[in-house]
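Working through the structure, step by step
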Amino acid sequence: ALVAMSIFASIVLGVAVFIARQRPSASDDISQGLRAGEFIPYYQPVINLNTGRLEGCEVLVRRRRRDGTIQSPAAFIAQAEADGQIVPLTRQLMRLTIDDLGACYARRRGMSVAFNLCAHHFTNDQIVRDVEAIFAESPISPSQLILEVTERFPLDDTATAVRVIADLQAVGAKVALDDAGTGHSGLAMLHRLGMDIVKIDKLFIDPIQADTKNAPIVDSLVDLAKKLGMSVIAEGVETLDQVNYLRSHGVDSAQGYLFAPPLPAASYIALVEAMGSV
Ligand code: C2E
Ligand code: CA
Ligand code: CA
Ligand code: CA
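Small disclaimer: the values here were computed from a predicted structure and weren't measured.

1. Here we look at the coordination of the calcium ion (ligand 2)
On the protein side, the calcium ion (ligand 2) has Glu 58 (OE), Asn 116 (OD1), Glu 148 (OE) and Asp 178 (OD) as donor atoms, found 2.2 to 2.3 Å from it. The two metals, the calcium ion (ligand 2) and the calcium ion (ligand 3), are separated by 5.7 Å. With Glu 58 in strand S2 (residues 54-64) and Glu 148 in strand S5 (residues 145-150), this residue pair connects regions lying 90 residues apart in the sequence.

Listed below in structure tokens is the structure:
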């Protein structure tokens, strides 16, 4: 029985080693995806609530696997942020966005495009050099860029973050605080970090209904943003009641499934051409 057990154990071990060799680490898997060009931009329209017109989009990454399946960022973005591969990934997304939208945006200078950055991007000035190198001579001007930094994670080195934000603004980009209300920086940081735009998280938009008289987080973010001269974008807008509330409470723009989900390039461009954008 002992012999049978040890044979069994070595087979199990052998199979485990075989599987381990077959399956790359999460980090290697992302490197492979980067080399194969599997990370692609989807574009979610942003609507100006005062004019009802399209003012731009947010780039939301997807991974298109070789078998054609599309993966959402939840499957890989945390890993890419943790090991720093988010930096080359963001660079690839920026180049692909220029390929997709360059011709369309060169004729519409008022249209914006937003990219998501993470805390990692604010630890040194690589992102500033990337933005300069990628957009300087491109058909999309740096002044059409919005760079979003999430409040979900702390910016550990505040001094460096403040400098990177100012340098990105000096290149012509606007900087937005993403997921506002959910995170670490707190409202005082809004001022300290010198940002241009506040994006209110879906969490605070969800509860708004037809009979909603006040939405405390939304109301105070709008109030503070206005005092600081910033504009406000609401995310995750799904109903007309939410649009009515947000518009009458000073929110400038909105994105959400009510208008459109993140779209592949061809669908987004078709929408820009159909909607007579800014
Ligand atoms: P986020 O920046 O807060 O983006 C909004 C998320 O809400 C997106 O999910 C979007 O598809 C989804 N969404 C938009 N409107 C609605 C709506 O009306 N209802 C509902 N239920 N959902 C809506 P997605 O595309 O899965 O992205 C998830 C998160 O992954 C993003 O949250 C962002 O933090 C991160 N992410 C996406 N792309 C990138 C990227 O290129 N770089 C980095 N660093 N992070 C990214
Ligand atoms: Ca975002
Ligand atoms: Ca959010
Ligand atoms: Ca500023």
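After that view, the rundown keeps rolling.
2. Observations regarding the site of ligand 1
Near ligand 1 you find 22 residues, and of these Gln 44, Arg 62, Arg 152, Glu 238 and Tyr 257 are the closest. In this structure, Glu 58 approaches ligand 1 through a side-chain N or O atom, which is 3.3 Å from an oxygen atom. One of the side-chain N or O atoms of Asp 179 is found 3.2 Å from an oxygen atom in ligand 1. Expressed as a share of its isolated accessible area of 800 Å², the protein-covered part of ligand 1 is 82%. Breaking the shell around ligand 1 down by element, the ones donating at least two residues are S2, helix H3 (77-83), helix H4 (86-106) and strand S6 (174-180). The biggest single contributor to the shell around ligand 1 is S2, with 4 residues. Looking at the shell around ligand 1 residue by residue, the classes come out as 9 nonpolar, 4 polar and 9 charged.

3. Thoughts on the nonpolar core
With 73 residues, the main nonpolar core has Val 218, Leu 246 and Tyr 268 as its most contacted residues. Element by element, the count of residues in this core is highest for H4, at 9 residues. Discounting residues that sit within four places of it in the chain, Val 218 has contacts with Ile 200, Phe 204, Ile 205, Ile 208, Tyr 245, Leu 246 and Val 251. Formed by 6 residues, the second largest nonpolar core is a distinct cluster that contains Val 46, Ala 176, Ile 197 and Ile 233.

4. Thoughts on unusual backbone geometry
Residue Asp 179 is not a glycine yet carries a positive backbone phi of 55 degrees. By the element assignment, Asp 179 lies in strand S6. Looking at Asp 179, the relative accessible area reads 7%, which means it is buried.

5. Some remarks on the confidence of the model for the chain
Residue-level pLDDT values for the chain average 92, and 95% of them are 70 or greater. Prediction confidence for the complex, expressed as pTM and ipTM, is 0.91 and 0.97 respectively.

6. What about the pattern of salt bridges?
Under the definition given, this model contains 12 salt bridges. With a shortest N-O distance of 2.8 Å, Glu 38 and Arg 63 are connected by a salt bridge. Of this pair, Glu 38 sits in the loop between helix H2 (26-35) and strand S1 (39-48) while Arg 63 sits in strand S2, placing them 25 residues apart in sequence. Of the residues examined, Glu 38 reaches a relative accessible area of 10% and is grouped as buried. In this structure, Arg 91 engages Asp 130 in a salt bridge whose closest nitrogen and oxygen atoms are separated by 3.0 Å. Placement of Arg 91 in helix H4 and of Asp 130 in helix H5 (residues 126-135) is noted, with a sequence separation of 39 residues between them. Assessed through its relative accessible area of 23%, Arg 91 is described here as partly exposed. A residue is classified by how much of its surface remains accessible, and Asp 130, at 8% relative accessible area, is buried. Three or more residues are tied together by salt bridges with common partners; here these are Asp 29, Glu 38, Arg 63 and Arg 65.

Calculation criteria
- Residues numbered from 1 in each chain as written.
- Chains lettered and ligands numbered in written order.
- Predicted model: local features only at pLDDT ≥ 70, side-chain atom pairs only at ≥ 80, totals over all residues.
- Heavy atoms only, no water.
- Donors = N, O, S within 2.8 Å, 3.2 Å for Na, K, Ca; no water.
- Helix = DSSP H or I, 4+ residues; strand = E, 2+ residues; numbered from the N terminus.
- Near = heavy atom within 4 Å.
- Polar contact = N/O pair within 3.5 Å; in protein donor to acceptor, adjacent residues only side chain to side chain.
- Areas by Shrake-Rupley, 256 points an atom, 1.4 Å probe, with all protein chains shown as cover.
- Nonpolar A, V, L, I, M, F, W, Y, C, P; charged D, E, K, R; others polar.
- Core = buried A, V, L, I, M, F, W, Y, C linked by side-chain atoms within 4.5 Å.
- Buried < 20%, exposed > 50% of the residue type's maximum accessible area, 1.4 Å probe, protein only.
- Contact = heavy atoms within 4.5 Å.
- pLDDT = per-residue confidence, 0-100.
- Salt bridge = Lys/Arg side-chain N within 4 Å of Asp/Glu carboxyl O.

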